[in-house]
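Given next are the chains, with one letter for each unit.
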Amino acid sequence: MKSNKPLYGNNNLIRTLFKRERRLKLTKSSFPRGKVAFFVTSNVHKFMEARLVFAEYKIAAALLRVPVQELQDDNIENIAKASAREAAEKTRLPVIVEDTGLFIPALDGFPGPYSNYVYRTIGTKGILKIMRDSSQRKAYFRSIVAYCDPKGALECFEGKAEGKITRKERGSSGFGFDPIFEPLSGNGKTFAEMATKEKNEHAHRAKAFKKFAEWYVSAFRRRF
Ligand code: ITT
């Protein structure tokens, strides 16, 4: 995470708004809330999934890379809220942060809030190895989208995808644990065997972002 300049989306519009926002020091009426969303993440795959949802609601999306201290907590909602508060303070923009965990009941919810660390260390192969002798393969992804404005007003939205851990990795799309996660509603395919649009029809993140987008549009758009 190096700079807080927007990288994707309607770049010219977003750059102009970004500059204007700083110049006007965020007067309430200066920012087209409900039409533009700043997603703070280091993960381009997450941004691409969110952007497809935003497009359905005609919301222009920008990816911001802002270094934030990730809170260590057993609850991903607390992690997302703390990161969103810090990012909003640093950028002086209304921002969204999204945090996901993969929860495996047979492992007492592991890796849950530690999914990033576990993915970077033992990875998908490590999870398959730990679960080699387990017939209990249920798992779910839980996603929290946290929105925070520069005055500290917070809103959270949740999405969940139920499914199971496969016996082998399957598919090459997506990222993270996608090759070993088969959603219940996905006709036997793993997330990694789906294109982004299809993954979004079943996935935790798209569900949370849809809730956010509905709220964002109805809360702010009619003012412009
Ligand atoms: P941020 O900068 O937005 O925090 P991140 O990659 O750290 O990006 P999360 O903390 O939300 O994202 O997710 C933790 C890990 O869980 C992530 O690194 C992936 O390995 C995995 N993960 C998250 N969402 C996933 C998804 O939709 N499919 C598969 N794996 C996922």
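## Considering the overall build of the protein chain
Then comes step 1: For the protein chain, the helix and strand inventory stands at seven helices and seven strands.
Then comes step 2: When the elements of the protein chain are put in sequence order from the N terminus, they spell out α-β-α-β-α-β-β-α-α-β-β-β-α-α.
Then comes step 3: Looking at the protein chain residue by residue over its 224 residues, the buried ones come to 49%.
Then comes step 4: Long-range contacts, defined as pairs at least 24 residues apart, comprise 63% of the intrachain contacts of the protein chain with a sequence gap of at least 6.
Then comes step 5: Taken as a whole, the protein chain presents about 11,400 Å² of accessible surface, with 49% of it coming from carbon and sulfur.

## Thoughts on the packing of helix α2 (residues 44-56) against helix α7 (residues 204-220)
Then comes step 1: One can describe the packing of α2 onto α7 by two numbers: an axis separation of 9 Å at closest approach and a directional angle of 40°. Compared by their axis directions, α2 and α7 come out oblique. Taken as a pair, α2 and α7 cross one another with a handedness that is right-handed. From α2, Lys46, Glu49, Ala50, Val53, Phe54 and Glu56 reach across to α7, where they touch Arg205, Ala206, Phe209, Lys210 and Phe212.
Then comes step 2: A breakdown of the residues in the contact of α2 with α7 according to their chemical character gives six nonpolar, no polar and five charged.

## Here's the deal with the side chain of Thr166
Then comes step 1: Inspection of the secondary structure puts Thr166 in the loop between β6 (154-165) and β7 (181-183).
Then comes step 2: Looking at Thr166, its side chain comes within polar contact range of the main-chain oxygen of Lys168, at 2.7 Å.
Then comes step 3: Sequence-distant contacts of Thr166, that is, excluding residues within four places in its chain, are made with Leu128, Arg137, Pro179, Ile180, Glu182 and Thr190.

## A word on the packing of aromatic side chains
What describes a pair of aromatic rings is the distance from one ring centre to the other and the angle between the planes of the rings.
Then comes step 1: For the structure on display, the rule yields 20 aromatic pairs.
Then comes step 2: When the centroid spacing of 6.0 Å and the interplanar angle of 50° are considered together, the rings of Phe212 and Trp215 count as tilted. Residue Phe212 and its partner Trp215 are located together in helix α7, separated by three residues, close to a single helical turn.
Then comes step 3: Taking the relative accessible area as the measure of exposure, Phe212 reaches 0% and is therefore buried.
Then comes step 4: Directly above the ring of Tyr140 sits Lys160, whose terminal nitrogen or CZ lies 4.3 Å from the centroid.
Then comes step 5: In this structure, Lys199 packs its charged tip against the face of Phe191, placed 5.2 Å from the ring centre.

## What to know about α7
Then comes step 1: Here α7 is 17 residues long and its end C-alpha atoms lie 24 Å apart, about the 24 Å a rise of 1.5 Å per residue gives.
Then comes step 2: Along α7, the residues classified as buried are His204, Arg205, Ala206, Ala208, Phe209, Phe212, Ala213, Tyr216, Ala219 and Phe220.
Then comes step 3: For α7, the elements touching its buried residues are β1 (36-40), α2, β3 (95-103), β5 (138-148), β6 and α6 (196-202).

## Quick word on the site of the ligand
Then comes step 1: In the vicinity of the ligand lie 19 residues, with Thr41, Ser42, Lys46, Asn116 and Asp178 positioned nearest.
Then comes step 2: Contact between the ligand and Lys46: an oxygen atom at 2.7 Å from a side-chain N or O atom of the residue.
Then comes step 3: Out of a free accessible area of 600 Å², the ligand has 92% covered by protein chains.
Then comes step 4: Contributing elements (two or more residues each) for the shell around the ligand: β3, α4 (115-121) and α7.
Then comes step 5: Along the lines of polarity and charge, the residues of the shell around the ligand split into four nonpolar, eight polar and seven charged.

## Concerning a nonpolar patch on the surface
Then comes step 1: Taken together, the side chains of Phe110, Ile122 and Ile130 present a nonpolar region at the surface, about 240 Å² in accessible area.
Then comes step 2: Following the sequence through the fold, Ile122 ends up in the loop between α4 and α5 (123-130).

## Observations regarding the state of the cysteines
Then comes step 1: Counted according to the given criterion, the structure contains zero disulfides.
Then comes step 2: Free of any disulfide, Cys148 has its nearest cysteine sulfur in Cys156, 9.3 Å distant.
Then comes step 3: A relative accessible area of 1% places Cys148 in the buried class.

About the criteria used
- Residues numbered from 1 in each chain as written.
- Predicted model: local features only at pLDDT ≥ 70, side-chain atom pairs only at ≥ 80, totals over all residues.
- Heavy atoms only, no water.
- Helix = DSSP H or I, 4+ residues; strand = E, 2+ residues; numbered from the N terminus.
- Buried < 20%, exposed > 50% of the residue type's maximum accessible area, 1.4 Å probe, protein only.
- Contact = heavy atoms within 4.5 Å.
- Areas by Shrake-Rupley, 256 points an atom, 1.4 Å probe, with all protein chains shown as cover.
- Axes fitted to C-alpha atoms, helices over the stretch in contact; angles between N-to-C directions.
- Parallel < 35°, antiparallel > 145°, perpendicular 65-115°, else oblique.
- Left-handed = near helix turned anticlockwise from the far one by under 90°.
- Nonpolar A, V, L, I, M, F, W, Y, C, P; charged D, E, K, R; others polar.
- Polar contact = N/O pair within 3.5 Å; in protein donor to acceptor, adjacent residues only side chain to side chain.
- Phe/Tyr/Trp six-rings, centres within 6.5 Å; stacked < 30°, edge-to-face > 60°.
- Lys NZ or Arg CZ within 6 Å of the ring centre and 35° of its normal.
- Expected span 1.5 Å × (residues − 1).
- Near = heavy atom within 4 Å.
- Patch = residues over 30% accessible without salt bridge, like charges linked within 9 Å, V, L, I, M, F, W, Y side chains within 5 Å.
- Salt bridge = Lys/Arg side-chain N within 4 Å of Asp/Glu carboxyl O.
- Disulfide = S-S within 2.5 Å.

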